Amino acid sequence: MRWGFIGASNIAERVIASMRQIPGQELLAVCSGSAARAKEFAAAQQLQAAHTDLAAFLREGRFDAVYISSTNEQHCAQTIAALDAGCHVMCEKPLAMVHSDAVRMVRHAAAKGRVLGTNHHLRAQAAHGLIRQMIAAGELGEVHGVQVSHAVHLPPHLQGWRLDKPGAGGGVVLDILVHNADLLRYLLQREPKTIRTVTQRNGIGGRDRATLAVEDGAMSLIEFDGGALAQTHESFVADPSALTRLHVLGTKANLYAVGSLTQGGTSQLWQRGAGGEREIAVPPVDLYEVGFTAFVEACAGRGKPLADGTDGTRSMAVALAGLASATSGRTETIDLSI
Ligand code: NDP
């Protein structure tokens, strides 16, 4: 497939390294808001062309697919333009800033007969695939609760728009709660109904909590169809040694994963129940290679992306309802409409 990249971003560098492992992919050009950044990115990533004009990029590139990893407020318009140019689109999360835009993206992809994927990389983590299978097979009994501890240290090179630009979709809720929401939907194979979120502003990278533009910590309580409850914690201000943790509690057994909520692709997983504790071996994987391989297959008419546009819209809807809850101080209903 012929690929173009919209956004000269950090994550695009990571994704390109993984895409080079997938046979048959031609990684061709980048489009950035800055000519200098586009040129530098293209040279560093060995892409043939660097653009600043999206229309010319799409016209001249004759791409089969684009990967969009610009800041969040640009995702919708860039996706619509790429679909109009006949491209399949793998877009970063959150798909958009408001629900109606994400719905428009999903409907436009369907109307154009193109694949829209959302880069929810945590679906590719092997531990999560095992947990999903075990839940579906009833091995845990009835799952009544899940705890997700996804508190990280936002590294200095990412302490830009995420903290200073609410208009670009900054803040830990749109950055990390969307991933947790998608993961919970994936594991439980149930839809979320309501959310109560409380956010905090701690201050990071020399910023004062009183003037910080967005939240840098959040905890939520999410109720799912069937009654399962999930607690999630997202943070940018944990100390760098903090481990991520996922705890899935059933009436017969529980599963406990450490380190699975990262970009690294490794983790440890244990099952505990009446028979005691056993560690379950989790094969390491390249999360982006797995996710983009599924997307490439979907574009060839084989299967679906790991997370499609509907998944991206619904995970975003959870985060938007969480932000609304933090403002209203009430439990909010999650809008799952497409
Ligand atoms: P970056 O800050 O690295 O890049 C975002 C945009 O900022 C780029 O497209 C670029 O604009 C601009 N930019 C990059 N570097 C500079 C710079 N030095 N000076 C000025 N502007 C710069 O963002 P991320 O890579 O962290 O995130 C991009 C998207 O990917 C977001 O939607 C985010 O939510 C998502 N993401 C997803 C992850 C996942 O695992 N699924 C992980 C990390 C991020 P331009 O293109 O115009 O040059």
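Computed from a predicted model, the values in this text were never measured in an experiment.

Rules used throughout
Residues numbered from 1 in each chain as written. Predicted model: local features only at pLDDT ≥ 70, side-chain atom pairs only at ≥ 80, totals over all residues. Heavy atoms only, no water. Helix = DSSP H or I, 4+ residues; strand = E, 2+ residues; numbered from the N terminus. Rg over C-alpha atoms; globule rule 2.2 N^0.38 Å. Buried < 20%, exposed > 50% of the residue type's maximum accessible area, 1.4 Å probe, protein only. Contact = heavy atoms within 4.5 Å. Near = heavy atom within 4 Å. Polar contact = N/O pair within 3.5 Å; in protein donor to acceptor, adjacent residues only side chain to side chain. Nonpolar A, V, L, I, M, F, W, Y, C, P; charged D, E, K, R; others polar. Salt bridge = Lys/Arg side-chain N within 4 Å of Asp/Glu carboxyl O. Axes fitted to C-alpha atoms, helices over the stretch in contact; angles between N-to-C directions. Parallel < 35°, antiparallel > 145°, perpendicular 65-115°, else oblique.

Draft legend 1. Focus on the overall build of the chain. Broken down by element type, the chain carries ten helices and 15 strands. Taking 20 Å as the expected radius of gyration for a compact globule of 338 residues, we find that the chain reaches 20 Å, a close match to that expectation. When burial is assessed residue by residue, the chain has 54% of its 338 residues classed as buried. Across the chain, contacts joining residues at least 24 apart in sequence account for 68% of those joining residues at least 6 apart.

Draft legend 2. Just the side chain of Ser315, in detail. Mapped onto the secondary structure, Ser315 falls in helix H10 (residues 309-328). Taking relative accessible area as the criterion, Ser315 reaches 1% and is therefore assigned buried. With residues up to four places along the chain from it excluded, the contact list for Ser315 reads His120, Val178, Ala181 and Asp182.

Draft legend 3. Expanded view of the site of the ligand. In the region of the ligand, 24 residues are neighbours, and Ser32, Gly33, Arg37, Asn72 and Tyr288 sit closest. Contact between the ligand and His121: an oxygen atom at 3.1 Å from a side-chain N or O atom of the residue. Arg162 is positioned such that a nitrogen or oxygen atom in its side chain is 2.9 Å from an oxygen atom of the ligand. Elements with a minimum of two residues in the shell around the ligand: helix H1 (10-19), helix H7 (161-164) and helix H8 (172-188). Tallied by class, the residues present in the shell around the ligand amount to five nonpolar, 14 polar and five charged.

Draft legend 4. Main features of the pattern of salt bridges. Tallied over the full model, the rule gives 17 salt bridges. The partner of Asp101 in a salt bridge is Arg104, and the shortest N-O contact between them spans 3.4 Å. Of the two residues, Asp101 and Arg104 both sit in helix H5 (residues 99-112), three residues apart, roughly one turn of that helix. The class for Asp101 is partly exposed, based on a relative accessible area of 23%. Put simply, Arg185 and Glu191 hold a salt bridge, and the shortest N to O gap is 2.7 Å.

Draft legend 5. A look at unusual backbone geometry. A cis amide bond links Lys93 to the next residue, Pro94, at an omega of -20°. Along the polypeptide, Pro94 turns up in the loop between strand S5 (88-91) and H5. Of note in this structure, Gln46 is not a glycine but carries a positive phi near 55°. By the secondary structure assignment, Gln46 is in the loop between helix H2 (35-44) and strand S3 (49-51). The exposure class assigned to Gln46 is exposed, which follows from its relative accessible area of 64%. Phi at Gln189 is positive, roughly 55°, even though this residue is not glycine.

Draft legend 6. Structural detail: the packing of H1 against helix H9 (residues 287-299). Packing of H1 against H9 leaves a shortest axis separation of 8 Å and a crossing angle of 70°. What the angle tells us is that H1 and H9 run roughly perpendicular. Together, Ile11, Arg14, Val15, Ser18 and Met19 of H1 and Tyr288, Glu289 and Phe292 of H9 make up the contact between the two elements. Of the residues assigned to the contact of H1 with H9, the class counts are five nonpolar, one polar and two charged.

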